[in-house]
Amino acid sequence: MIALRICTVLLPLLAFVPAQGVGTPAPDAELQGALRRLAEDSAPDELRATLRFLDEKAGVAHARLVPQLLLFKEASRSTREGMVFGAVVDQLRIPEADVVAGLVPLFEGADAARRASLGGVLSEYEDRSIDRGADFDGYRPFLGGELPVGLVRYLYETDADAALLTLTRSRALERAELRELVLAQHEVADLRWRLRFGYLSRADLPRGASPESREALGMLAAHGEWWVRLAAASMALDEPGLRALVPLDALADDPHALVREVARAARGDGR
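Since the model is a prediction, treat every value here as computed from it, not as a measurement.

### Describing the packing of helix α10 (residues 160-170) against helix α11 (residues 175-196)
1) Next: One way to put it is that α10 packs onto α11 with a least axis distance of 10 Å and a crossing angle of 170°. With respect to each other, α10 and α11 are oriented roughly antiparallel. Mapping the contact onto sequence places A160, D161, L164, L165 and T168 in α10 and L178, L181, V182, Q185, A189 and R192 in α11.
2) Next: Grouping the constituent residues of the contact of α10 with α11 by class yields seven nonpolar, two polar and two charged.

### A closer look at the packing of aromatic side chains
1) Next: Within this structure, the stated rule accounts for five aromatic pairs.
2) Next: An aromatic cluster is built from F107, F136, Y139 and Y154, whose rings are joined through pairwise contacts.

### Let's talk about the domain arrangement of the protein
Where interface size is given, it is often the accessible area lost as the parts come together that is meant.
1) Next: Splitting the protein by domain gives domain 1 (2-125) and domain 2 (152-267).
2) Next: The C-alpha centroid of domain 2 is placed 36 Å from the C-alpha centroid of domain 1.

### A closer look at a nonpolar patch on the surface
1) Next: Together, W193, F197 and Y199 line one region of the surface with nonpolar side chains, adding up to about 360 Å² of accessible area.
2) Next: The residue W193 is located in helix α11 in this model.

### Comments concerning the nonpolar core
1) Next: Counting residues in each nonpolar core, the largest one holds 80 residues, and the members touching the most others are V88, L103, Y139, Y156 and L220.
2) Next: Considering each element in turn, this core owes the most residues, nine residues, to helix α13 (residues 226-238).
3) Next: If you count residues domain by domain, this core takes at least three from each of domain 1 (2-125) and domain 2 (152-267).
4) Next: Once residues lying within four places of it in the same chain are set aside, the contact partners of Y139 are V100, V104, L122, E126, L151, Y154 and L155.

### Description of unusual backbone geometry
1) Next: Cis geometry marks the peptide bond from L205 to P206; its omega dihedral reads 5°.
2) Next: Along the chain, P206 falls in the loop between α11 and α12 (211-221).
3) Next: In this structure, H62 is a non-glycine residue whose phi angle is positive, near 60°.
4) Next: By the element assignment, H62 lies in the loop between α3 (44-57) and α4 (65-74).
5) Next: Judged by relative accessible area, which is 0%, H62 ranks as buried.
6) Next: Phi is positive for D127, close to 45°, though the residue is something other than glycine.
7) Next: Its location among the elements puts D127 in the loop between α8 (112-122) and α9 (149-158).

### Brief notes about the environment of A116
1) Next: Along the polypeptide, A116 turns up in helix α8.
2) Next: Sequence-wise, A116 and G144 are 28 residues apart; in three dimensions their C-alpha atoms are separated by 24 Å.

### Topic: the confidence of the model for the protein
1) Next: Averaged over every residue, the pLDDT of the protein is 89; the share at 70 or more is 90%.
2) Next: Here helix α1 (residues 2-5) stands out as the element of the protein with the lowest mean pLDDT, 37, in contrast to α4, whose mean of 98 is the highest.

### Details of the pattern of salt bridges
1) Next: Applying the stated criterion across every chain yields a total of 14 salt bridges.
2) Next: Note that E74 and R114 form a salt bridge whose closest N and O atoms lie 2.7 Å from each other. Within this pair, whereas E74 is found in helix α4, its partner R114 is found in helix α8, the two being separated by 40 residues in sequence.
3) Next: For the salt bridge of E157 with R115, the shortest nitrogen-to-oxygen distance reads 3.0 Å. Remark: R115 occurs in helix α8 and E157 occurs in helix α9; sequence separation between them is 42 residues.
4) Next: In this structure E157 comes out as partly exposed when scored by relative accessible area, which is 38%.
5) Next: Connected via shared salt-bridge partners are D28, E30 and R64.

Procedures and definitions
Residues numbered from 1 in each chain as written. Predicted model: local features only at pLDDT ≥ 70, side-chain atom pairs only at ≥ 80, totals over all residues. Heavy atoms only, no water. Axes fitted to C-alpha atoms, helices over the stretch in contact; angles between N-to-C directions. Helix = DSSP H or I, 4+ residues; strand = E, 2+ residues; numbered from the N terminus. Parallel < 35°, antiparallel > 145°, perpendicular 65-115°, else oblique. Contact = heavy atoms within 4.5 Å. Nonpolar A, V, L, I, M, F, W, Y, C, P; charged D, E, K, R; others polar. Phe/Tyr/Trp six-rings, centres within 6.5 Å; stacked < 30°, edge-to-face > 60°. Domains from an automatic or database assignment. Patch = residues over 30% accessible without salt bridge, like charges linked within 9 Å, V, L, I, M, F, W, Y side chains within 5 Å. Areas by Shrake-Rupley, 256 points an atom, 1.4 Å probe, with all protein chains shown as cover. Salt bridge = Lys/Arg side-chain N within 4 Å of Asp/Glu carboxyl O. Core = buried A, V, L, I, M, F, W, Y, C linked by side-chain atoms within 4.5 Å. Buried < 20%, exposed > 50% of the residue type's maximum accessible area, 1.4 Å probe, protein only. pLDDT = per-residue confidence, 0-100.

Next comes the structure, spelled out in structure tokens:
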């Protein structure tokens, strides 16, 4: 196994600098060839030499190497090739922040297959739990300024409750607005929890929803920020029982393209 063959190789680290650029990188023949050599049954000294080469060519904060690791993983044709990503991250001791920074830009313009591919890697850093939900704190450095739509889409597709909380805590909001959004998320999350674990049935809705949860969903759907309105649409898409409580017709004509897309999917129009 690759991880066992190269476990004694220790190489220097580079400081964290966020990756630049967006979109899908072209395969780098030099790096792809080196990654392919790692998947071959090479002698230990050859494996160490290949790892040294990858470390030298990795770029600042591994920004050149990390996207190439994903491309190699996506094109892998064997279990051995599929293990290369994790083995390189482990043996070069690539920090979590470098992996996240190297992959986040690839969400922009990504199709469903690429988002799933990225999620398969990044889920290892999200501490996902059925009871607790995902931990998206590692993405907060990317959510403070102009929002990357591809990343926001991924967060809501993965865990709408955690996405709303993470975005709320990452934005420069007034205290009153911050408290309002956190409380709204709590009210809707409680309603979704009751539905998920059978304390409330979809047949009970919309009548069975508490006034607080109704108010919360209405506030989210009418909010001035598109990423908040997206929360309402995403929650309705994820939980059919909420669709009668969210103004999907209005959101289906939202000024923001992603909100429109998700609302129309929730309404049954298809993506």
